[in-house]
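Results of the structural survey
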Amino acid sequence: MAPLRRAIATAPSDARAPLRLAELLLPDRVDARAAAPTAAMQRDAAEARRVLETWLATDPQDPAVRRRASAMRWWAAAIAEEHGAAIDGVTREAGLQDDAAASALRRLAALAIVRDDLGGARRALEAARRAMPQDTDVLAELATVALAQGRASEAVTLFEAVVARRPGDLEALRDVAGARLAAGDAASAARTLESVARQLPTSGEVRLELARARLEAGDREGGITAAREALALAADDDAEPAIVLGQALAAAGRDDEARRALEDALRRRPGSPRATEALRALRNP
């Protein structure tokens, strides 16, 4: 890094050295290191921020490079200090159709999530939505945060907006179904998952989600059928479909079949706490 520092001292108005130095000093992804930076990382981030702010003060003419440097400065601030102030900083500078600001805010939202600050993540994503209102990834991330905050009805609306802009996106449809289930509309969730299952005939995961939705909606036989289909598609060490099947059969009063399903779950994953507890409950109602 010494040559970069010398280059900055020699030609402080040249963007290449300050940006390159900042890239080397800062973590390049949201991970455990960024979530809880060491004192050394915070010092490096503080230096990166100072370098970038000094260069930005030279009033660079290239708007794209300036936006990139500004976003990187706030990322440095989030690592050196705390992400809340960085979110506020990017939000103040963000303009409409500002993809650099939206990208920075999404990264800060991810950092807020790993630091267990859902409120901060929500603020960042709402600002990102204003900066890039047509970005469906921002909508989906905002919906996920709303769901984590217990705002299931809002999550349904947001996920539905994603589907409206990405017709045919089966993952987005699964997200809608999950949000509807969380909002207490199991019947609607089941109908959505039935549509997805028809288009993904080899997906055991979708059939397991469908089984849960049907059971939540009170459709025991439909849930049993979907759970059997999920089990037929499951890996040998995947106990979850067998557990769901066993619980569904037990709820329907079919105890012998339920016992066999739960014993199968324990063969697939010996010692599974959920399978063990379900089998114990069946034996000792």
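Refer to the structure printed above.
Here we summarise the structure given alongside this text. Here the residue numbers are simple positions, counted from 1 along each chain's written sequence. Local features are withheld for residues below a pLDDT of 70 in this predicted model, meaning they are given only at 70 or higher, and side-chain atom pairs are given and counted only at 80 or more; totals for whole chains, interfaces and linings count all residues. Hydrogen atoms and water are omitted, and side-chain values are computed over all heavy atoms in the structure.

1. Comments concerning the side chain of threonine 192
For the purposes of this entry, the term helix denotes a DSSP run of H or I that reaches at least four residues, the term strand denotes a run of E that reaches at least two, and both are numbered from the N terminus. In this fold, threonine 192 is placed in helix α12 (residues 186–199). Burial here depends on accessible area, computed with a 1.4 Å probe over protein chains only, as a share of the maximum for the residue type. Under 20% is buried, over 50% is exposed, and the range in between is partly exposed. Classification of threonine 192 as buried rests on a relative accessible area of 9%. Aside from chain neighbours lying at most four places away, what touches threonine 192 is Leu173, Ala177 and Arg180. Note on contacts: a residue pair is in contact if any heavy atoms of the two residues lie within 4.5 Å.

2. Examining the environment of serine 195
Assignment of secondary structure puts serine 195 in helix α12. Note on serine 195: relative accessible area 24%, which makes it partly exposed. Between the C-alpha atom of serine 195 and that of leucine 173, which follows or precedes it by 22 residues, the distance is 9.0 Å.

3. Remarks on the packing of aromatic side chains
Aromatic ring pairs are reported here in terms of the distance separating the ring centres and the angle at which the planes meet. Only Phe, Tyr and Trp rings take part, Trp by its six-membered ring, and two of them pair if their centres are within 6.5 Å. Stacked means planes under 30 degrees apart, edge-to-face means over 60, and tilted covers everything else. On inspection of all chains with the given rule, the structure shows zero aromatic pairs. Distance and angle both matter: a charge sits over a ring if NZ of Lys or CZ of Arg is within 6 Å of the ring centre and within 35 degrees of the ring normal. The residue whose ring lies beneath arginine 107 is tryptophan 75, and the NZ or CZ to ring-centre distance is 4.5 Å.

4. Quick notes on the packing of helix α13 (residues 204–216) against helix α14 (residues 220–233)
Following both chains from N to C, one finds α13 and α14 inclined at 160°, their axes separated by 8 Å at the closest point. With respect to α14, the axis of α13 lies roughly antiparallel. α13 and α14 meet at a crossing whose hand is left-handed. Where α13 approaches α14, its residues Gly204, Arg207, Leu208, Leu210, Ala211, Arg214 and Leu215 are matched on the opposing element by Arg220, Gly222, Gly223, Ala226, Ala227, Glu229, Ala230 and Leu233. Residue polarity follows a fixed list, in which Ala, Val, Leu, Ile, Met, Phe, Trp, Tyr, Cys and Pro are nonpolar, Asp, Glu, Lys and Arg are charged, and the others, Gly among them, are polar. Looking at side-chain class alone, the contact of α13 with α14 contains eight nonpolar, three polar and four charged residues. Only C-alpha atoms enter the line fits that serve as axes; for helices the fit covers just the stretch in contact. Angles between N-to-C directions range over 0 to 180 degrees. In what follows, roughly perpendicular refers to angles from 65 to 115 degrees, roughly parallel to angles under 35, roughly antiparallel to angles over 145, and oblique to any angle outside these ranges. Helix crossings are classified by the rotation of the near helix relative to the far one: an anticlockwise turn of less than a right angle makes the crossing left-handed, while a clockwise turn makes it right-handed.

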